[in-house]
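Listed here are the chains, written in short residue letters.
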Amino acid sequence: MTIDRKERAMDQQKLKELVQDMSLIEKINQLLQVTSGFFIDDVELTGPIRENGITEQSIAQAGSVIGLLGAKKYKEIQDAYIKNHPHNIPLLIMLDVINGFRTIFPIPLAQGATFEPELSKRCAQIAAKESAVSGVHVTFAPMVDLVRDARWGRVMESTGEDTKLNSDFAIAMVEGFQGTNVGEEYSIAACVKHFAAYGAPNGGRDYNTVELSENTLRGYYLPAYEAAVKAGVEMVMTSFNTLNGIPSTGNQWLNRNVLRDEMGFDGVLISDWAAIEELQYHGYAKDRKEAAGLAMNAGVDIDMMTGIYSKNLESLIEDGTVKEELLDEAVLRILNLKNKLGLFENPYKDADEEKEKEIILCEEHRKVSLEAAEKSFVLLKNDGILPLKKREKIALIGPFVSEKEIYGVWSMLGRPEDTVSIAEAADKVRMDYEFTFAKGCNILGAEDSNLIPDQHVQEPSKEDEERMLQEAVEAAKNADKIILAIGEHRRMSGESASRSDLTLPKIQYKLLDAIYEVNPNIAVIIFTGRPLDLREVSEKSKAILNVWLPGTEGGTAILNTLINKVSPSGKLPMSFPYCVGQVPVHYNEYFTGRPYDPKTGGKEYRSNYRDIPNTPLYPFGYGLSYAKFQYDDIKLSKDIMSIGETIDAYVTVKNVGEYAGTETVQLYIRDCIGSVVRPRKELKGYQKVTLQPGEAKNVTFEITEEMLRFCKDDLSFGSEKGEFHVYLGTDSSTEEYVSFNLN
Ligand code: BGC
């Protein structure tokens, strides 16, 4: 049978007719998502899979697939699928393309540190292009969950603790993946996740219960999802957690009233992996059938991976638990997406073997990866040891010096052979610096074996461990400066990677101690997927450069920063706690009735700890540069704002240091008195300025009444008259302010 593609172009009417023409089973199968393994590897339909409702027929007609096929295989599978499908409907391919496809960018948390959403938009465009030519139509990104607890391993997939920053990045990433419409060349559909509030699990333990007041939910957690919806995101994914007692995947109020009716989302809602089935384990559904009915009635269109809809929807419709119109609506949404992607008339879309070779990992893409990495690094401390100076004797020590797996766990296609290590980058400038190298230790030692599940890392013998340490000590003794590259193993953050402790693997402290004893001129490079407790590292080092998990061009970006080809400019998108006992910690907390004063520290009968400060070791928005910035002349254009008016806030930023650098000037506002208490301050704007030594620039922010709105007790958003403090500074701890009144 040949299918006339021109004839296949669809409009709403045709799509509706198509749904009407489909059999019940065909429609139900559109809601099933299976892994690509079923198509490539000829997965055997063994007992449990059959019991789950996945049959040859449901696979042959499954509406979508999760996994990568590659252009060639994809075309073969798409051809066969369409040919065999009773209505020749095309298949949809989805994949987790989080921070890059094959060209890997810094993890999302690191991208948050750039305070440059436009750059993430470019990264997403590239990721979309590389995915599209490989036959991918939808990515399960961006994750916009607000995060305040560094114990949660998935903070690495978020852009941090701030509502505005998360919303800005959500919009940029959706626009980057989708372009102006998903049908255009090299665009793929985005899927914002995980709806809702997955980033607030109790105790930072993955998949755990979430309890949030509706005011906090709406005021802080929901805006980033809504921003993605308003930016036209095509898909939304439910979250695994319960939210105030109801699992998100079965929550009608959340998915129908809030997401669809209030936010206006009309795209496809997919469950997270097996989340419909999990309604049983939450104790919310008595069996799989009830779970399927709850999810369907809550508006979940696609069942990721369980066959629970395939097995139960027919009888749920027969017995009236689920109305067939609901199924039709879900099918129509899925077909609509396929149509928007242009798959009816061009089922290959952008899949192209030649373009795969030409585009994937090309120089242009690597350059953007380098730029993103350089801009994401956060200089946490520098007692003048950085940047390195030519002719200095530098010992490059640590398990990350030659490490090439320096990308996050969600970089499915990231490959060590594509990645530049610090050692390789150093090799290129060895004429100017005297480098020596020593590994010192593995990332994990024998005592750290619980930190990743199935440790693939070969444990060295006691003798080898001792030899590595001694080599490092010798290298340190003979060096002017030491660059010590240490951190979390890449598999220590990500899904199911919660930790109760935020320090480094034990073996790495042994290395730090041994080196510190012979030469304290240490600059530490930290690789991490989450904020860490860096107290000890800070005590024993003269500089700390946090490089997260930087991706394909990580080593080059680090070297460029060390030698001041670029000055660090990243700012923390998430507070680095003083210690784990302080989390969740975030800058925009409430005062309490017995406020803590950062200037005086803890006092009796105040809201503070006896043994640690309230303030994190490094606060949100914090990050140094080789340049030194001075803020002067903070002022406002007027001190009264009436509704409909705006106020300009000005500040002069001068570079009083000896190196050029880029500063992210941050605007925070405090609403002094509110009918619902207001945070200490909230980020309302940020701008980057690049300054040569001695140069000064004026920076202006416009303050609008809209910026002053918040979620009130009746859950409406609005501003309230009264006094506001305006802070313009280098990070969230800035104390200086000017005030105005809203009339
Ligand atoms: C994760 C999602 C992801 C999905 C598909 C789940 O375990 O929670 O974020 O998109 O798997 O890979």
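What counts, and at which threshold
Residues numbered from 1 in each chain as written. Predicted model: local features only at pLDDT ≥ 70, side-chain atom pairs only at ≥ 80, totals over all residues. Heavy atoms only, no water. Helix = DSSP H or I, 4+ residues; strand = E, 2+ residues; numbered from the N terminus. Rg over C-alpha atoms; globule rule 2.2 N^0.38 Å. Buried < 20%, exposed > 50% of the residue type's maximum accessible area, 1.4 Å probe, protein only. Contact = heavy atoms within 4.5 Å. Areas by Shrake-Rupley, 256 points an atom, 1.4 Å probe, with all protein chains shown as cover. Lys, Arg positive; Asp, Glu negative; His and termini not counted. Charge placed at Lys NZ, Arg CZ, Asp CG, Glu CD. Pairing = 2+ DSSP bridges. Axes fitted to C-alpha atoms, helices over the stretch in contact; angles between N-to-C directions. UniProt positions renumbered as here; feature names shortened; annotations may be inferred. Domains from an automatic or database assignment. Buried area = accessible area lost by both parts, 1.4 Å probe. Salt bridge = Lys/Arg side-chain N within 4 Å of Asp/Glu carboxyl O. Polar contact = N/O pair within 3.5 Å; in protein donor to acceptor, adjacent residues only side chain to side chain. Nonpolar A, V, L, I, M, F, W, Y, C, P; charged D, E, K, R; others polar. Near = heavy atom within 4 Å. Phe/Tyr/Trp six-rings, centres within 6.5 Å; stacked < 30°, edge-to-face > 60°. Lys NZ or Arg CZ within 6 Å of the ring centre and 35° of its normal. Expected span 1.5 Å × (residues − 1). Arc of directions from axis to C-beta. Core = buried A, V, L, I, M, F, W, Y, C linked by side-chain atoms within 4.5 Å. Parallel < 35°, antiparallel > 145°, perpendicular 65-115°, else oblique. Left-handed = near helix turned anticlockwise from the far one by under 90°.

Engineer: Is there a simple way to think about the overall build of the protein in this case?
Structural biologist: Across its full length, the protein holds 22 helices and 26 strands. What you see for the protein is a C-alpha radius of gyration of 27 Å, in line with the 27 Å of a compact globule of 743 residues. In terms of its C-alpha atoms, the protein occupies a principal-axis envelope of roughly 75 × 70 × 45 Å. Taking all 743 residues of the protein together, 63% fall into the buried category. Long-range pairs, those at least 24 residues apart, make up 78% of the contacts in the protein with a sequence separation of at least 6. Summing over all exposed atoms, the protein offers an accessible surface of approximately 28000 Å²; the carbon and sulfur share of this is 47%. For the protein, the distance from the average position of its 83 positive side-chain charges to the average position of its 113 negative side-chain charges is 3 Å.

Engineer: Would you mind going over the sheet that holds strand β22 (residues 696-703) with me for this structure?
Structural biologist: Strand order in the open sheet formed by three strands is β17-β19-β22, and the pairing between neighbours is antiparallel. Taken across any chain shown, the strands that pair with only one partner, and hence form the sheet edges, are β17 (629-636) and β22. Here the average twist between neighbouring strands, direction ignored, is 20 degrees. With six bridges connecting them, β17 and strand β19 (residues 647-655) associate as antiparallel partners.

Engineer: What is the right way to read the UniProt feature "domain: Fibronectin type III-like" (unreviewed entry) in the protein from this model?
Structural biologist: UniProt marks residues 663-732 with the feature "domain: Fibronectin type III-like" (unreviewed entry), using the numbering shown here. Each end of residues 663-732 is marked by a C-alpha atom, and these two atoms are 14 Å apart; helix forms 0% of the span and strand 56%.

Engineer: Would you mind going over the environment of L451 with me for this structure?
Structural biologist: Considering the arrangement of structural elements, one finds L451 in the loop between β13 (434-438) and α19 (462-477). Spatially, the C-alpha atoms of L451 and E488 are 9.2 Å apart, while their sequence positions differ by 37 residues.

Engineer: In this structure, what is going on with the side chain of N614? I would like to understand it.
Structural biologist: Within the element layout of this structure, N614 appears in the loop between α22 (554-562) and β17. Beyond its immediate sequence surroundings of up to four residues, N614 is in contact with Q582, V585, Y596, S607, N608 and Y609.

Engineer: Before we go on, may I ask you to explain the domain arrangement of the protein in this structure?
Structural biologist: By a widespread convention, an interface's size corresponds to the accessible area lost as its parts come together. According to the domain assignment, the protein contains domain 1 (12-39 + 56-355), domain 2 (363-577) and domain 3 (629-742). Spacing between the C-alpha centres of domain 1 and domain 3 amounts to 36 Å. If you look at the interface, domain 1 gives 13 residues, while domain 3 gives 16 residues. Taken as a group, F115, K164 and N215 account for 48% of the area that domain 1 buries against domain 3, more than any other trio of residues on that side. Where K688 meets E116, a salt bridge forms, and the shortest distance between an N and an O atom there is 2.8 Å. Counting across the domain 1 and domain 3 interface gives five residue pairs in polar contact (both at pLDDT 80 or more). Of all the secondary structure elements, the ones that give two or more residues to the side of domain 1 that touches domain 3 are α9 (163-178) and α10 (214-230). Residue composition of the side of domain 1 that touches domain 3, grouped by class: four nonpolar, three polar and six charged.

Engineer: Just to check I follow, could you spell out the site of the ligand for this structure?
Structural biologist: Inspection of the region around the ligand gives 13 residues, with D96, R154, H194, D272 and E495 positioned closest. One nitrogen or oxygen atom from the side chain of H194 is found 2.7 Å from an oxygen atom belonging to the ligand. E495 is positioned such that a nitrogen or oxygen atom in its side chain is 2.8 Å from an oxygen atom of the ligand. For the ligand, whose accessible area on its own is 310 Å², the fraction buried by protein is 93%. Of the residues assigned to the shell around the ligand, the class counts are seven nonpolar, one polar and five charged.

Engineer: Would you mind going over the packing of aromatic side chains with me for this structure?
Structural biologist: Pairs of aromatic rings are described using the distance from one ring centre to the other and the angle between the two planes. For the structure on display, the rule yields 16 aromatic pairs. Each ring, one from Y198 and one from F240, has its centre 5.9 Å from the other, and the planes form 70 degrees; the classification is edge-to-face. With Y198 in the loop between β5 (189-195) and α10 and F240 in the loop between β6 (235-238) and β7 (242-243), the pair connects residues that are 42 residues apart, well separated along the chain. By relative accessible area, which is 1% here, Y198 ends up buried. Taking relative accessible area as the criterion, F240 reaches 6% and is therefore assigned buried. Arranged with centres 6.0 Å apart and planes meeting at 75 degrees, the rings of W548 and F576 form a pair that is edge-to-face. In this pair, W548 is assigned in the loop between β16 (543-546) and α22 and F576 in the loop between α22 and β17, connecting sequence segments 28 residues apart. Classification of F576 as buried rests on a relative accessible area of 0%. One aromatic cluster is present, built from ring pairs that chain together F115, Y587, F620, Y668 and Y686. The ring of W410 has K193 sitting right over it, with the charged end atom 5.3 Å from the ring centre.

Engineer: For this particular structure, what's the right way to read α19?
Structural biologist: Since one α-helical turn is 3.6 residues long, residues separated by three or four positions face the same way. Here α19 is 16 residues long and its end C-alpha atoms lie 23 Å apart, about the 22 Å a rise of 1.5 Å per residue gives. Of all the positions in α19, only E465, M468, L469, A472, V473, A475 and A476 are classed as buried. Within α19, the buried residues cover an arc of 165 degrees as seen down the axis, which keeps them to one side.

Engineer: Looking at this structure, I do not really get the nonpolar core. What am I missing?
Structural biologist: Within soluble globular proteins, side chains that are nonpolar generally end up buried alongside one another. The biggest cluster of nonpolar side chains holds 176 residues, and the ones touching the most others in it are F195, Y309, I397 and L484. The residues touching I397, leaving out its near neighbours within four places in the chain, are A438, A472, A475, A476, I482, I483, L484, A485, L511 and I515. A373, L388, L559 and L562 belong to the second-largest nonpolar core, a separate cluster that totals 38 residues.

Engineer: Sorry if this is basic, but what is going on with the packing of helix α17 (residues 363-376) against α22 here?
Structural biologist: For any two helices packed against each other, the geometry comes down to the angle between their axes and how far apart the axes lie. The geometry of α17 relative to α22 is characterised by a closest axis approach of 9 Å and an angle of 50 degrees between their N-to-C directions. Judged by the inter-axis angle, α17 sits oblique to α22. Here the hand of the crossing between α17 and α22 comes out right-handed. In this structure, α17 uses L370, A373 and E374 to contact α22, whose residues at the interface are T556, A557 and N560. Considered class by class, the residues forming the contact of α17 with α22 number three nonpolar, two polar and one charged.

Engineer: Help me out: how do you make sense of helix α6 (residues 71-84) in this one?
Structural biologist: A rise of 1.5 Å per residue sets the reference length of α6, with its 14 residues, at 20 Å; its end C-alpha atoms lie 20 Å apart and thus fit the reference within 8%. Turning to α6, its buried residues are A71, Y74, K75, I77, Q78, Y81 and I82. Here the buried face of α6 lies against α2 (24-30), α3 (37-40), α5 (56-61), β3 (92-95), α8 (117-133) and α16 (353-359).

Engineer: I keep staring at the pairing of strand β25 (residues 722-729) and nothing clicks. Help me out?
Structural biologist: Strand residues, when the strand is regular, have side chains that alternate between the two faces of the sheet. Taking burial as the measure, the eight residues of β25 include six buried ones, the bulk of the element. Of the pairings in the sheet, the one linking strand β20 (residues 661-671) to β25 comprises six bridges and is antiparallel in character. By the bridge assignment, Q666 is partnered in β25 with G729.

Engineer: I would appreciate a short explanation of the pattern of salt bridges in the present structure.
Structural biologist: Oppositely charged side chains can pair when the atoms bearing their charge come close. What the rule picks out here adds up to 51 salt bridges. In this structure, K289 engages D319 in a salt bridge whose closest nitrogen and oxygen atoms are separated by 3.0 Å. Taken together, the residues span a long stretch of sequence, with K289 in helix α13 (residues 288-298) and D319 in the loop between α14 (308-318) and α15 (324-340) at a distance of 30 residues. For E553, the salt bridge is made with R366, and the minimal N-O distance between the two is 2.5 Å. One end of the pair, E553, is in the loop between β16 and α22; the other, R366, is in helix α17, and 187 residues separate them in sequence. No difference in accessibility class separates E553 from R366, as the two residues are buried. Bridged by salt links that share partners, the residues E116, R122, E371, K375 and K688 form one connected network.

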